Amino acid sequence: MEKTEQQRKEDEQMMRRALDEARIAMAKDEIPIGAIITCKGRIIARAYNLTETLCDVTAHAEMQAITMAANALGGKYLTDCTLYVTVEPCPMCAGAIGWAQIPRVVYGAPDPKRGYREYAPRVMHPKATVTSGILEDECRELMQEFFRGKRGLTPSPKSDGQR
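Now for a description of the structure that goes with this document. Throughout this description, residue numbers start from 1 for each chain and increase along the sequence as written. Note on the predicted model: pLDDT of at least 70 is required for a residue's local features to be given, and 80 or more for side-chain atom pairs to be given and counted; whole-chain, interface and lining totals, by contrast, use all residues. Side-chain figures throughout are based on the complete set of non-hydrogen atoms in the structure, without hydrogens or water.

Another point: the side chain of aspartate 11. Numbered from the N terminus, helices here are DSSP runs of H or I no shorter than four residues, and strands are runs of E no shorter than two. Positionally, aspartate 11 belongs in helix α1 (residues 3-27). Remark: exposure states derive from per-residue accessible area (1.4 Å probe, protein chains only) relative to the maximum for the residue type, with buried under 20%, exposed over 50%, and partly exposed in between. Classification of aspartate 11 as buried rests on a relative accessible area of 2%. Contact definition: two residues touch when any of their heavy atoms are within 4.5 Å. Apart from the residues lying within four places of it in its own chain, the contact partners of aspartate 11 are Tyr84, Arg104, Val106, Thr131 and Ile134.

Note on definitions: salt bridges are taken to be side-chain nitrogens of Lys or Arg within 4 Å of carboxyl oxygens of Asp or Glu. Tallying each qualifying case throughout the model produces eight salt bridges. A salt bridge links glutamate 12 to arginine 8; the shortest N-O distance between them is 3.5 Å. Of this pair, glutamate 12 and arginine 8 are both found in helix α1, four residues apart, which corresponds to roughly one turn of the helix. Residue glutamate 12 is classed as partly exposed on the basis of its relative accessible area of 22%. Note that aspartate 11 is salt-bridged to arginine 104, the shortest N-O span being 2.7 Å. Of this pair, aspartate 11 sits in helix α1 while arginine 104 sits in strand β4 (residues 104-109), and the two are 93 residues apart along the sequence. You'll find aspartate 11 and arginine 104 in the same group, each marked buried.

This part covers the pairing of β4. Within a regular strand, side chains alternate between the sheet's two faces. In terms of burial, β4 is largely enclosed, as six of its six residues are buried. With helix α4 (residues 91-99) bridging strand β3 (residues 81-87) and the parallel β4, this β-α-β connection has right-handed handedness. Examined bridge by bridge, β4 and strand β5 (residues 129-132) share four bridges and lie parallel to one another. Along β5, the bridge assignment pairs valine 106 with threonine 131. With the strands aimed away from the viewer, a crossover counts as right-handed if its path from the first strand over the helix to the second runs clockwise. By the convention used here, strands pair only if DSSP detects at least 2 bridges between them.

Our next topic: the side chain of glutamate 62. Summarising the element assignment, glutamate 62 is placed in helix α3 (residues 61-73). Charged residues are defined here as Lys and Arg on the positive side and Asp and Glu on the negative side; His and the ends of the chain fall outside this count. One buried charged residue, glutamate 62, forms no salt bridge at all, with the nearest opposite charge on arginine 117 at 12 Å. Not counting chain neighbours up to four residues away, the residues in contact with glutamate 62 comprise Ala35, Leu83, Val85, Val87, Pro89, Cys90 and Cys93.

So, in structure tokens, the structure goes:
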């Protein structure tokens, strides 16, 4: 199997894991974004948005995963890691990714309104590589489903009226 094809399959497998995390967030009425961090092919962190649960605007999936991975490795630099996230990171998360020196980022759906590429395209570490569009349709659909539910267009996962 060609290396790029093998990498693509691994990226899709890990993005499916990130989507699992996003679905957990959605079930908890959080914006459905999930993140996975791998180190040398092994998952060392999995997280989802917790902004509502923690009442913390910085509790994005990527931020939670970075903290978990740093704790797992015992250091703040994640130089042997790959971050998989279902939606393009925002500028805050991209800055944290840069400070953590994560060399590879893989995301599913772009975020044209709040994504880092629009506002801070050079914020990540200069040697970082970014792969986008992995399981993009599935990642986008999950977000659209969540916001349709919020707008009352379809039942949301938490349809008891509570937030």
